[in-house]
Amino acid sequence: MCRHRGRKAPPGEGATVTSSRTPSGDAPPAPAALRKSLGVVDGFAIAASSTAATTSIGIGLGVTAGAVGLHLPIIMLLAFLPILGIASAYSRLNRVEPNMGSGYVWVGRSLSPWLGFLVGWIGIVSTVVFLAYTTTVTGSALLQLAGEGGLHRLAGLRLDPDSTAQSTALGIVVLVAVTLTAITGIRSAANLQKYLLVFEYVVLLGFCGYGLFAGPHPFSLDWINPFTIPSGQQLAQGLLLSVFCFWGFESTFSVTEEIRDPQDASKAGLITLFTMLGLFLLGSFAFQRVLSLDELTGHGAQGLTYFGDRLAGQPLAALPLIALTFSAVASLQSGVIPTVRGMFAMSRDRTLGPLWTKVSPRYGTPAAGTVVIGCVAAAIAVLSLVIPKVGDLILASVNAIGVVVALYYALTALAAAARFRGALREGWAPALRAVVLPVASALVLLGLGGYLCWTFYSSADHFEISPDNGWFMLFCPAVMLLTGVVAAAWAKWVRKSPYFVTGRSVPPEALAEPAPGPA
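Owing to the predicted nature of the structure, the values given are computational and were not obtained by experimental measurement.

Caption draft 1: Spotlight on the overall build of the protein chain. If you tally the helices and strands in the protein chain, you get 18 helices and five strands. Restricting to contacts in the protein chain with at least 6 residues of sequence separation, those with at least 24 account for 80%.

And the structure:
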């Protein structure tokens, strides 16, 4: 495939704008090219921060234990297998067509523009929901930190880390700050995340490593035996929750147009995935060595704080909580960055409005879109106040996101299998890597998501806003999907996007001319 490379604006000259005619003959709004300033380490920092190992260990392990009991190590390992197949699909697709739209572009080209748009939409909506609940988690972590420092009341108000209202209000302040950081430059954002990650991982390795040896509960072979999980429903829910823990490794592909060599995005994604597996297995064994099942499931968003208290006295016991706070802050920032880049790619195709392709001439980032995403996430965080407990909010959000993430991962893997189906004629090894592994991974995730949706539907006979109500748990991902169908219809028949005619996305590198710099 031939591409014409445009001239990249030198530092200080602003972004590069491209001009490309669509197949229908209409010129879309001039797409803008972002600055290529990132390497493998930067891509890893963004993907690792988005995956948020510390948050997943500190909060996600307790939620997952509520589904599968003391089987965290084996459930994490089983969930990793289909995710590895998905990662190989992302890597192979990125090699032949690097594009910040990633799944949206690849699925639209290989399967269907409608499915491609749905993949892009799911990525946007699920990340915005993630940002909303992580805003609350961040506030809760800060309130826990205040409590550890002896601050329990402020202006007559008792500070409660499990209060959704208090946690959300404080978290929105942090969301505003990280949104501004994401605007001023992706390089500065990646640098900030590197420092946060180093601290988080040092604390995690230290405390979890110590917990492996100092924990009062003996190792048990039952921890790595999936056949002792009580039911298929619990196994399915546990696997989807674990898939959610790995979610975010693909963030590096969303900044592939800002990485100097697109192959570095693939390297960063795979490095992130294996790093997360190691940390999750370490955390799973350590938590089960130190905490009982009741302790694991009973502390919700304060699980990592309790874990630290069991292993050390103050001030050392506060280190895991500080790491959790850093992880939540990094997750907010890394969630904003790939979401806006995905919408940038969709806007280039006129499937979304022109707002998302507006690049700041000063910072070389999609500043306007970044601000809007931050505002929408803050608004959804406020709406989530209908769920008063932070722990319940986390459970509802994670289950909803887990279902839709399984769908868009599966569609991307099927797109890879369809695109590289010629490998079936090249021998068993290429066929296995390019077709069989992605298809098998997709079928596993689709089966898990479908089974869990059925159990949600059949477990209730009325609707209630509660994470214990199956119809509510089914309603959340259903809204995400249905709004995507409506948005796709609007893009096709109102915006008249050529994407729905050809399934092809506007390439990131086309004939270009430099945009004038700021006055």
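Picking up where we left off.
Caption draft 2: Local environment of the packing of aromatic side chains. Counted by the stated rule, this structure contains 28 aromatic pairs. Look at Trp114 and Trp493: their rings are 5.6 Å apart centre to centre, the planes differ by 55°, and that puts the pair in the tilted class. In this pair, Trp114 sits in helix 5 (residues 113–148) while Trp493 sits in helix 17 (residues 470–493), placing the two residues 379 residues apart along the sequence. Judged by its relative accessible area of 53%, Trp493 falls in the exposed class.

Caption draft 3: Spotlight on the nonpolar core. Counting 137 residues, the largest nonpolar core has Phe117, Tyr201, Phe246, Phe249, Phe307 and Tyr409 as its most contacted members. Apart from the residues lying within four places of it in its own chain, the contact partners of Phe249 are Ala47, Thr51, Ile83, Ile86, Ala87, Tyr90, Gly269, Thr272, Leu273 and Tyr409.

Caption draft 4: Main features of unusual backbone geometry. At Ala52, a residue that is not glycine, the phi angle is positive and equals roughly 60°. Position of Ala52 relative to the elements: it lies in the loop between helix 1 (40–51) and helix 2 (53–68). Even without being a glycine, Lys496 presents a positive backbone phi close to 55°. Of the residues examined, Lys496 reaches a relative accessible area of 57% and is grouped as exposed.

Caption draft 5: Highlighting a nonpolar patch on the surface. A cluster of nonpolar side chains, Trp114, Val485, Trp490, Trp493 and Val494, forms an exposed patch at the surface whose accessible area comes to about 540 Å². The element that contributes the greatest number of residues to the nonpolar patch is helix 17, accounting for three residues. Structurally, Val485 can be placed in helix 17.

Caption draft 6: Highlighting the environment of Met276. When you line up the elements, Met276 lands in helix 10 (residues 262–290). Overall, Met276 belongs to the buried group, its relative accessible area being 1%. Sequence separation between Met276 and Phe80 is 196 residues, and the spatial gap between their C-alpha atoms is 9.5 Å. Discounting chain neighbours no more than four positions away, the residues touching Met276 are Ala48, Thr51, Ala53, Tyr201 and Phe246.

Reading the values: the criteria
Residues numbered from 1 in each chain as written. Predicted model: local features only at pLDDT ≥ 70, side-chain atom pairs only at ≥ 80, totals over all residues. Heavy atoms only, no water. Helix = DSSP H or I, 4+ residues; strand = E, 2+ residues; numbered from the N terminus. Contact = heavy atoms within 4.5 Å. Phe/Tyr/Trp six-rings, centres within 6.5 Å; stacked < 30°, edge-to-face > 60°. Buried < 20%, exposed > 50% of the residue type's maximum accessible area, 1.4 Å probe, protein only. Core = buried A, V, L, I, M, F, W, Y, C linked by side-chain atoms within 4.5 Å. Patch = residues over 30% accessible without salt bridge, like charges linked within 9 Å, V, L, I, M, F, W, Y side chains within 5 Å. Areas by Shrake-Rupley, 256 points an atom, 1.4 Å probe, with all protein chains shown as cover. Salt bridge = Lys/Arg side-chain N within 4 Å of Asp/Glu carboxyl O.

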